Amino acid sequence: MQETFTQLIEQCKDALKAVRDRAALEAVEIKFLGRKGELASLMKQLATLSDEEKKIAGKVANETKEKIEQMIAKAKEKIAREEEKTRADREWVDVTAPGVFPNEGHLHPISQAIQEITDVFAQIGFVSVRAPEIDWDWYVFESLNMPPDHPARDDWETFFIAETKGQKARGEKGRLVLTPHTSNAQVREMEKGKLPIRMININRTYRRQSDPSHTPMFHQFEGLVIDEGITIAHLKGVLDYFAKSFFGPDRQIRLRPHHFRFTEPSFEVDISCGACGGKGACRICKAGWLELGGAGMVHPNVLKAGGLDPEKVSGFAFGWGVERTLVMKEGTKIDDIRILYKNDLRFIKQF
Ligand code: FA5
């Protein structure tokens, strides 16, 4: 019996040599000291011995139990020390090592331009508003002096919203359209009934167009000022101020007579090309100038549609493309505006 107990201690010693972590140690403890473990089964065998033998074997059994318990306690201490050491190694920080910079993102160049344009106009008291991106025909065309079937509507190459089950695309203000320009803000702003109006509306707009200077989705910013005594001189002053603030003092602006149904007189606003420095014959511009957008004095019919009296108040409006405005600023970096929407990080990271 004595020998069996000694063997048990040796077996436990060997098992402990292979132990590397708490889980393995627990398994060894259960194997040797558990209720159904090796020691417990040897103890059961003691019942078959004579009283004299039981006394001796019982003593040896107790010593064996103590010995195994000590061995396991020692192994536990060793594992705890090793765990503490790896935790300390893991948490060690070299405060002298150079910092690791996080990968910083930034706003898309169009979002940056929108922010900048908003800031430039905020400086001269223009309030930022947001007219709907999908709007009724009345606000997009009819209230802007373009009655249904008027040929001027063709210029806008508009996407109309299709009627679907449970979704009306036609109402008392006409059909729903994906706005092809931001001028729908004009009558919406007048309807609020508060003067003076000095607003800027920047939004996404949509047309059936795609080439180096057109994208099917683009952004416009629409400015509108209405009050008593507003003249063309105010319009010119605001456009000059914007050109100088946004593009810098060496870029030039020019007004060309034009026709819009909702302004009279109307102008096309051009800025000298940044890609070729105004020399012309480049892929982007026509003869050194690039069209930024339209402008003009608000047509009396539009004032009336917005509930205002053209005898008492007057105003001006302008609508420009954000993408084109950015191209004009950045010059040679963008020779095809469609790249702005290709999600090519090599391009976007340059801004
Ligand atoms: C208009 O959209 C008028 N609503 C502007 C206006 C507002 C005139 C207020 C008078 C008073 P136009 O169709 O010219 O005008 O477009 C204005 C500008 O939007 C263009 O000059 C150009 O800069 C930009 N633009 C037009 N179509 C696209 C396109 N497909 N992709 C990128 N930019 C475009």
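Residues numbered from 1 in each chain as written. Predicted model: local features only at pLDDT ≥ 70, side-chain atom pairs only at ≥ 80, totals over all residues. Heavy atoms only, no water.

### Here we look at the domain arrangement of the protein chain
Line of reasoning, step 1. The domains assigned to the protein chain are domain 1 (2–86) and domain 2 (109–348).
Line of reasoning, step 2. For domain 1 and domain 2, the distance between their C-alpha centroids amounts to 87 Å. (Domains from an automatic or database assignment.)

### Let's talk about the nonpolar core
Line of reasoning, step 1. Of all hydrophobic cores here, the largest spans 41 residues; its most connected members are Phe121, Phe221, Phe242 and Phe318.
Line of reasoning, step 2. Contact partners of Phe121, with chain neighbours within four places excluded, come to Phe126, Ile200, Phe221, Val238, Phe242 and Phe318.
Line of reasoning, step 3. One finds Val129, Val140, Met199 and Phe260 within the second-largest nonpolar core, a separate group that totals 25 residues. (Core = buried A, V, L, I, M, F, W, Y, C linked by side-chain atoms within 4.5 Å. Buried < 20%, exposed > 50% of the residue type's maximum accessible area, 1.4 Å probe, protein only. Contact = heavy atoms within 4.5 Å.)

### Re the UniProt feature "binding site: Mg(2+)" (unreviewed entry) in the protein chain
Line of reasoning, step 1. UniProt records the feature "binding site: Mg(2+)" (unreviewed entry) for Glu264 in the present numbering.
Line of reasoning, step 2. Along the chain, the position of Glu264 falls in strand β9 (residues 263–272).
Line of reasoning, step 3. You can call Glu264 partly exposed: its relative accessible area is 47%.
Line of reasoning, step 4. Not counting the four nearest positions on each side in its chain, Glu264 is found in contact with Met297 and His299. (UniProt positions renumbered as here; feature names shortened; annotations may be inferred. Helix = DSSP H or I, 4+ residues; strand = E, 2+ residues; numbered from the N terminus.)

### Considerations on the sheet that holds β9
Line of reasoning, step 1. Read from one edge of the open sheet, 7 strands run β1-β6-β7-β11-β10-β9-β8, paired in mixed fashion. Among the strands making up the open sheet, the edge pair consists of β1 (127–129) and β8 (253–260). On average, each strand axis in the sheet is inclined to that of its neighbour by 25°, with strand direction left out of account.
Line of reasoning, step 2. Bridge count for β9 against strand β10 (residues 289–298) is 8 bridges, and the pairing is antiparallel. Within β10, the position partnered with Glu268 by the bridge is Gly294. (Pairing = 2+ DSSP bridges. Axes fitted to C-alpha atoms, helices over the stretch in contact; angles between N-to-C directions.)

### Observations concerning the environment of Glu133
Line of reasoning, step 1. Position of Glu133 relative to the elements: it lies in the loop between β1 and β2 (134–136).
Line of reasoning, step 2. A sequence separation of 211 residues divides Glu133 from Asp344, and the C-alpha atoms of the two residues are 26 Å apart.
Line of reasoning, step 3. Among all residues touching Glu133, those that are not within four sequence positions of it are Val177, Leu178, Thr179, Asn203, Arg204 and Tyr206.
Line of reasoning, step 4. At 2.3 Å, the side chain of Glu133 and the side chain of Tyr206 are in polar contact. (Polar contact = N/O pair within 3.5 Å; in protein donor to acceptor, adjacent residues only side chain to side chain.)

### Brief notes about the site of the ligand
Line of reasoning, step 1. The ligand sits among 26 residues. The nearest are His181, Ser183, Arg207, Gln209 and Glu291.
Line of reasoning, step 2. Interatomic distance of 2.9 Å between a side-chain N/O atom of His181 and a nitrogen atom of the ligand.
Line of reasoning, step 3. Between the ligand and the protein, one listed contact pairs an oxygen atom with a side-chain N or O atom of Glu291 at 2.8 Å.
Line of reasoning, step 4. When the free accessible area of the ligand is taken as 690 Å², the share hidden by the protein chains comes to 96%.
Line of reasoning, step 5. Where the shell around the ligand is concerned, the elements lending two or more residues are β7 (217–227), β10 and β11 (314–321).
Line of reasoning, step 6. The biggest single contributor to the shell around the ligand is β10, with 5 residues. (Near = heavy atom within 4 Å. Areas by Shrake-Rupley, 256 points an atom, 1.4 Å probe, with all protein chains shown as cover.)

### Let's talk about the pairing of strand β5 (residues 174–178)
Line of reasoning, step 1. Relative to β5, β2 is paired through 3 bridges, and the arrangement is antiparallel. By the bridge assignment for β5, Ile134 is matched with Leu178.
Line of reasoning, step 2. Where strand β4 (residues 170–171) lies against β5, 2 bridges are found, and the strand directions are antiparallel. From the neighbouring strand, Arg170 faces β5, where its bridge partner is Arg175.

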